[in-house]
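What the coordinates show
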Amino acid sequence: MTSRPQQITGLLHVVFGDSPAARYDCHRCGTTEGPVTGPRPVASFVEHVRAVHAGRCSAQTTT
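These remarks concern the structure in this document. (Residues numbered from 1 in each chain as written. Predicted model: local features only at pLDDT ≥ 70, side-chain atom pairs only at ≥ 80, totals over all residues. Heavy atoms only, no water.)

**Focus: the sheet that holds strand β2 (residues 21-26)**
- Taken in spatial order, the three strands of this open sheet run β1-β2-β3, and their pairing is antiparallel. The open sheet has two free edges, formed respectively by β1 (10-15) and β3 (32-37), since each of these has just one partner strand. Across the sheet, the axes of successive neighbouring strands diverge by a mean angle of 5°, strand direction being ignored.
- Of the pairings in the sheet, the one linking β1 to β2 comprises six bridges and is antiparallel in character. (Pairing = 2+ DSSP bridges. Helix = DSSP H or I, 4+ residues; strand = E, 2+ residues; numbered from the N terminus. Axes fitted to C-alpha atoms, helices over the stretch in contact; angles between N-to-C directions.)

**Observations concerning the pairing of β2**
- Where burial is concerned, most of β2 is hidden: five out of the six residues are buried.
- Count of turn residues in the β1/β2 antiparallel hairpin: five residues, of which G17 carries a positive phi of about 130°.
- Where β2 meets β3, four bridges bridge the pair, whose relative direction is antiparallel. Bridged to D25 within β3 is T32.
- Following β2, the chain reverses through five residues before pairing antiparallel with β3; G30 in that reversal takes a positive phi of roughly 80°. (Buried < 20%, exposed > 50% of the residue type's maximum accessible area, 1.4 Å probe, protein only.)

**Examining helix α1 (residues 39-56)**
- Compared with an ideal rise of 1.5 Å per residue, which puts 18 residues at 26 Å, α1 spans 25 Å between its outermost C-alpha atoms and is within 8% of the ideal.
- Along α1, the sharpest change in direction is near 40° and occurs at V49.
- Packed against the buried residues of α1 are β1, β2 and β3. (Expected span 1.5 Å × (residues − 1). Bend = angle between axes of the 7 residues up to and from the residue. Contact = heavy atoms within 4.5 Å.)

**Some details on a nonpolar patch on the surface**
- Together, L12, V14 and F16 line one region of the surface with nonpolar side chains, adding up to about 290 Å² of accessible area.
- Relative to the helices and strands, F16 is located in the loop between β1 and β2. (Patch = residues over 30% accessible without salt bridge, like charges linked within 9 Å, V, L, I, M, F, W, Y side chains within 5 Å. Areas by Shrake-Rupley, 256 points an atom, 1.4 Å probe, with all protein chains shown as cover. Salt bridge = Lys/Arg side-chain N within 4 Å of Asp/Glu carboxyl O.)

**Quick word on the nonpolar core**
- Formed by A22, Y24, C26, V42, F45, V46, V49 and C57, the largest nonpolar core amounts to eight residues.
- Going through the elements one at a time, β2 and α1 are the ones with two or more residues in this core.
- Per-element accounting of this core gives the leading share, four residues, to α1.
- Aside from chain neighbours lying at most four places away, what touches C57 is C26, R28 and C29. (Core = buried A, V, L, I, M, F, W, Y, C linked by side-chain atoms within 4.5 Å.)

Structure, rendered in structure tokens:
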């Protein structure tokens with residue numbers, strides 16, 4: 001079995017501390033979501049990006 005090299009398709013940036021923040025950069029379609037700040041918005045944003053972005057990514061191809 002030959003494995004294919006893996007590519008980074010997106011980066012989820014999360015900063016913790018007194019002022020948490022997050023943003024998502026998709027390398028497939030070139031969009032950026034966020035940034036959001038605050039503990040609750042960051043937690044909600046991370047969950048949302050994981051659940052939703054891949055399905056609506058304009059670069060997503062159907063095989």
